[in-house]
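Here is what each chain is made of, one letter per residue.
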Amino acid sequence: MADHSAAPSPKKKLYIETVGCQMNLLDSELVVARLRQEGYELTENIQQADAILYNTCSVRQHAEDKIYSALGRIKRIKERNPDVAIGVMGCMAQKDQAEIFRRAPHVDIVVGPGQLARVPELLAQVRAGEPPRMAVSRARKDGSLETIAASFQTYDADREPAMRPTPFQAFIRVMMGCDKFCTYCVVPAVRGPEQSRPPEAILAEARLLADQGVREVTLLGQTVNSYHYRLPDGRSFRLSDLLERVHDIGGIERIKFITNFPNDMTDDLLQAVRDLPKVARYLHVPAQSGCDEVLRRMKRMYTVASYEEMLARIRATIPQVAVSSDFIVGFSGETEPSFERTVGLVGRSRFKNSFIFKYSARQGTKADQLYADDVPEAVKKRRNNELLALQTAISLEDNQGWIGRVVEVLVEGPSRATTRRPGWDGLEQLTGRTACDRIAVFDGTERLVGQFVRVVIDAASAVTLFGRVETTERVGATERPATPA
Ligand code: SAH
Ligand code: SF4
Ligand code: F3S
């Protein structure tokens, strides 16, 4: 007769969807790590889930619309199975708060990005039949958000390899929040004030990740180059110091950091990028606009000339550096001549790539209070397409310059059908990235996943380098150093 008393209790199933930036991907990883300890396992089948979580973004209207329509679609799941717990976490939870319960009454928990350590407790409560719960950070008198709970520091140390981009690539938060208050941006209102984590916590996390087999870490902050921590002896510990210390960790072979704020691009940081071989020669430094008047209204605190001076300093300091940028088109009051100035900046700057967004007015931001969203949607769209076409032409030219050269690639996995080389010959294809964040696709077997390989580039599109793994047979030749692509 079978002994049922020893049967393990069945695992609870968790379905999670994440939108937004890398900070959100990391937050989802940390939440899943916690929930695993509570007996949850991941499922990709939403119909079978015991808990459904959405980690949300508020940066543009489109990101919010996506979540509200997903919530609408799952209403029927809740009707069929009232035991399933539905949670909305992240930036939209902080921004919309109880409004989410009004618009989607089947939601059980609403948890802001500063309160995510409480997700397991809140889920358990609603699954035990308690009424819906909300945990958000409170606004202070001046309207800014309260400082995020210290519990976050320990919360960051729980990791979940299955939720990473790959098991050997991981994000590490070095800062929380943002103090820049660009007038268009909702992030400071939902992520709270800027706080740098203590170096020891970050380094301990990097060592833990290295022990788990992570080879590439990306340090995350909204303005990561503003990182500064006051040590007990009063000295200031900057991002360049942190890079040096992460560089010493065995097993970590590539270090990236995003996103940089133009005004805080200090020489010590540029020199660290130049001098530390594991640090990727890749800098994401959003310009947002090429028109001084628009930049002033965005409160970016720099001019086009000072941005370009900074760009020249980057290129003079770091050979073969790749720089990428973000732009917003159709911001309040952006005239045709001001847009043309942005076109001019993109044409001159030769970014590796640029992310281009149509301005989306965000409730509660200074821009929304002070300026009208006066550029028609059709004009935003046209400017977006025009700027994208220019950047794509530059990216293509830049990528074609790599044909015939060897790049070092960290192999991420099989290439998706859409990214395969035109005229693909049926062999298995892999995808990976160079240190400068360029995507490379080449023939190879899955055995190479997680390895660094040298790839000879023989074709290029605007977004992808195509090539083949360099053969190791050499007739007495010495190894050529791979170019830091
Ligand atoms: N902290 C980072 C990223 C912020 S959000 C930085 O400062 O660069 C990522 C990008 O979204 C921004 O760089 C900006 O280009 C864009 N963005 C932010 N708010 C926006 C809005 N209201 N409408 C359209 N794009 C926006
Ligand atoms: Fe938003 Fe500006 Fe902060 Fe970036 S620096 S998160 S754009 S307020
Ligand atoms: Fe979005 Fe929040 Fe990131 S608003 S861009 S998920 S910080």
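About the criteria used
- Residues numbered from 1 in each chain as written.
- Chains lettered and ligands numbered in written order.
- Predicted model: local features only at pLDDT ≥ 70, side-chain atom pairs only at ≥ 80, totals over all residues.
- Heavy atoms only, no water.
- Core = buried A, V, L, I, M, F, W, Y, C linked by side-chain atoms within 4.5 Å.
- Buried < 20%, exposed > 50% of the residue type's maximum accessible area, 1.4 Å probe, protein only.
- Contact = heavy atoms within 4.5 Å.
- Pairing = 2+ DSSP bridges.
- Helix = DSSP H or I, 4+ residues; strand = E, 2+ residues; numbered from the N terminus.
- Right-handed = clockwise from strand over helix to strand, strands pointing away.
- Axes fitted to C-alpha atoms, helices over the stretch in contact; angles between N-to-C directions.
- Salt bridge = Lys/Arg side-chain N within 4 Å of Asp/Glu carboxyl O.
- Parallel < 35°, antiparallel > 145°, perpendicular 65-115°, else oblique.
- Left-handed = near helix turned anticlockwise from the far one by under 90°.
- Nonpolar A, V, L, I, M, F, W, Y, C, P; charged D, E, K, R; others polar.
- Lys, Arg positive; Asp, Glu negative; His and termini not counted.
- Near = heavy atom within 4 Å.

I'd love a proper account of the nonpolar core, names of residues and values included.
If you look at the biggest cluster of nonpolar residues, it comprises 64 residues, and the most contacted ones within it are Leu219, Leu239, Leu242, Leu243, Phe257, Leu283 and Ile314. The contact partners of Leu239, leaving out residues within four places of it in the chain, are Leu219, Val224, Asn225, Tyr227, Phe257 and Leu269. One finds Cys57, Val84, Val88 and Ala104 within the second-largest nonpolar core, a separate group that totals 24 residues.

Residues and numbers for the pairing of strand E16 (residues 354-358), please.
Where strand E15 (residues 322-329) and E16 come together, 5 bridges link them in parallel fashion. By the bridge assignment for E16, Ile328 is matched with Phe357. The handedness of the E15 to E16 crossover, carried by helix H14 (residues 336-349), is right-handed.

With reference to specific residues and values, describe the sheet that holds strand E14 (residues 282-284).
By way of backbone hydrogen bonds, the strands of a sheet pair with one another, either parallel or antiparallel. Strand order in the open sheet formed by 3 strands is E14-E15-E16, and the pairing between neighbours is parallel. Where the open sheet ends on each side, the last strands, each with one partner, are E14 and E16. Neighbour-to-neighbour, the strand axes of the sheet open up by a mean angle of 10 degrees, direction not taken into account.

Tell me about the pattern of salt bridges, and name the residues and values.
Using the criterion set out here, one finds 44 salt bridges in the structure. Put simply, Arg118 and Glu121 hold a salt bridge, and the shortest N to O gap is 3.2 Å. Residue classification places Arg118 among the partly exposed residues on the basis of a relative accessible area of 32%. Put simply, Lys352 and Asp437 hold a salt bridge, and the shortest N to O gap is 3.8 Å. Of this pair, Lys352 sits in the loop between H14 and E16 while Asp437 sits in the loop between strand E18 (429-434) and strand E19 (439-443), placing them 85 residues apart in sequence. Looking at Lys352, the relative accessible area reads 11%, which means it is buried. With relative accessibility at 16%, the residue Asp437 sits in the buried group. Linked through salt bridges whose partners overlap, the residues forming this network are Glu216, Arg254, Lys256, Lys352, Glu412, Arg433 and Asp437.

Could you give an account of the packing of helix H9 (residues 199-211) against helix H10 (residues 239-247), naming the residues involved and the relevant values?
Angle between the axes and distance between the axes are the two parameters that describe a pair of packed helices. For the pair H9 and H10, the least separation of the axes is 10 Å and the interaxial angle reads 30 degrees. For the element pair H9 / H10, the angle class is roughly parallel. Relative to H10, H9 is oriented so that their crossing is right-handed. Residues Glu200, Ile202 and Leu203 of H9 touch H10, and the partners they reach there are Leu242, Arg245 and Val246. Across the contact of H9 with H10, the residue classes tally to 4 nonpolar, no polar and 2 charged.

Which residues make up the side chain of Asp326, and what values do they have?
Mapped onto the fold, Asp326 is located in strand E15. Within the buried core, Asp326 has no salt-bridge partner, and the shortest N-O distance to an opposite charge, that of Arg60, equals 7.1 Å. What Asp326 contacts, discounting residues up to four positions off in sequence, is His284, Pro286, Ala287, Gln288, Phe355 and Phe357.

Can you tell me about the sheet that holds strand E13 (residues 254-258), naming the residues and giving the values?
The sheet built from 3 strands is open, its strands ordered E7-E10-E13 with parallel pairing. Looking at which strands have only one partner, the edges of the open sheet turn out to be strand E7 (169-173) and E13. When the angles between neighbouring strand axes are averaged without regard to direction, this sheet yields 25 degrees. Pairing of E7 with strand E10 (residues 216-220) involves 5 bridges; the strand directions are parallel. Pairing of Gln169 across the sheet is with Glu216, part of E10. Where helix H1 (residues 22-37) meets the sheet, it contacts E7, E10 and E13, and its direction lies at approximately 100 degrees from that of E7. Its contacts with the sheet place H9 against E7 and E10, and it is angled at close to 165 degrees to E7.

I'd like a description of the site of ligand 3, backed by residues and values.
Around ligand 3, the surrounding shell consists of Gly20, Cys21, Asn24, Cys57, Ser58, Val59, Cys91, Arg191 and Gln222. Broken down by class, the residue content of the shell around ligand 3 amounts to 4 nonpolar, 4 polar and 1 charged.

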